[in-house]
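# Observations on the three-dimensional arrangement
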Amino acid sequence: MENEKKLLVIEDEVAILTFLRSSLEESGWEVLEARTARLGLDLAAKAKPDVILLDLGLPDQDGLQTLKALRQWTSAPVIIISARGQEQDKIKGLDGGADDYLTKPFSINELMARLRVAVRHGNQRPEDAPPLYEHAGLKVDLVGRHVWLKKKEIHLSPLQYDLLAVLVRNAGRVVSQSQLMKEVWGETRDVTPELVRITVHQLRHKIEPDPVRPRALKTEPGVGYRLESSDE
């Protein structure tokens, strides 16, 4: 079907998967299924779905962690479907980057209405950056959260990785210090430009063969930082 939309359901309950597939395929959706977070992240990268339905109670990883991993590299609309109906759970999901939140059990009509809104919002978003970055011996896989330098995997702290992920998503463009502070540390943390500089300095010593003469992570004086465009 020419106008068929692609939906990825990351959910481990067979009954819900069966219900969603039978209901949504009749409405013209192509439904992809993943019963673990790992498979869901892989399918999201390969299939590039128009909308993602995400359960919070996955067997291998909490759904909020999965949501955070998705938001490292994709802006595809995400609707959380969960039995956790407390207000605090909804706030955490929406603050974590979800576009909507549906509490189980829900009707197919309610879901279809939410999907129509998600598709409209998704059509207004810019195309995602590729989830794989390569330049000057540095390779970053945003889906698997792996980083290699000259084919050797390197370990980054969570803070260093989050900063690198922001730069990868904006590869080729200057990212200001204020944008890094907001996206990496958040608006509630007490963070200064000096802390950003220190984290960049630490990151360079891990991802650059010669940190004094960086080839990938460049400083734009008085503005911020820029990761050179991917070779791909």
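Read on for a plain summary of the structure. Keep in mind that this is a model prediction, so the values were computed, not measured. (Residues numbered from 1 in each chain as written. Predicted model: local features only at pLDDT ≥ 70, side-chain atom pairs only at ≥ 80, totals over all residues. Heavy atoms only, no water.)

## Things to note about the overall build of the protein
- The number of helices and strands found in the protein is eight helices and twelve strands.
- For 232 residues, the compact-globule estimate of 2.2 N^0.38 gives 17 Å, and the C-alpha radius of gyration of the protein, at 19 Å, lies within 12% of that figure.
- When the backbone C-alpha atoms are referred to their principal axes, the protein occupies close to 60 × 35 × 35 Å.
- Within the protein, the fraction of its 232 residues that count as buried is 44%.
- Long-range contacts, defined here as pairs at least 24 residues apart, represent 59% of the contacts in the protein between residues at least 6 apart. (Helix = DSSP H or I, 4+ residues; strand = E, 2+ residues; numbered from the N terminus. Rg over C-alpha atoms; globule rule 2.2 N^0.38 Å. Buried < 20%, exposed > 50% of the residue type's maximum accessible area, 1.4 Å probe, protein only. Contact = heavy atoms within 4.5 Å.)

## A short note on the sheet that holds strand β5 (residues 100-103)
- Pairing is parallel in the open sheet, where five strands are placed in the order β2-β1-β3-β4-β5. The open sheet has two edge strands, β2 (29-34) and β5, and neither has a second partner. For this sheet the average axis-to-axis angle between neighbouring strands, irrespective of direction, equals 20 degrees.
- As paired strands, strand β4 (residues 78-82) and β5 are joined by four bridges and run parallel to one another. Note that in β5 the partner of Ile80 across the bridge is Tyr101. (Pairing = 2+ DSSP bridges. Axes fitted to C-alpha atoms, helices over the stretch in contact; angles between N-to-C directions.)

## Remarks on the sheet that holds strand β11 (residues 217-220)
- The antiparallel open sheet is built from three strands, whose spatial order is β10-β12-β11. At either end of the open sheet lies a strand with only one pairing partner, and these are β10 (174-176) and β11. Pairs of neighbouring strands in the sheet enclose a mean axial angle of 30 degrees, with direction left out of account.
- Direction of pairing for β11 relative to strand β12 (residues 224-227): antiparallel, over a ladder of four bridges. Its bridge partner lying in β12, Lys218 is registered against Arg226.
- Running at roughly 70 degrees to β10, helix α7 (residues 177-185) makes contact with β10 and β12 of the sheet.
- The strands touched by helix α8 (residues 193-207) within the sheet are β11 and β12, with β11 carrying the most contacts at an inclination of about 150 degrees.

## Comments concerning the nonpolar core
- With 52 residues, the main nonpolar core has Leu164 and Leu180 as its most contacted residues.
- Considering every element that reaches this core, the biggest residue donor is helix α6 (residues 158-169), with seven residues.
- Setting aside its immediate chain neighbours within four residues, Leu164 contacts Val140, Val147, Leu156, Leu203, Ile207 and Leu227.
- If you look at the next biggest cluster of nonpolar residues, it comprises 19 residues, including Ile16, Leu20, Leu24 and Val119. (Core = buried A, V, L, I, M, F, W, Y, C linked by side-chain atoms within 4.5 Å.)

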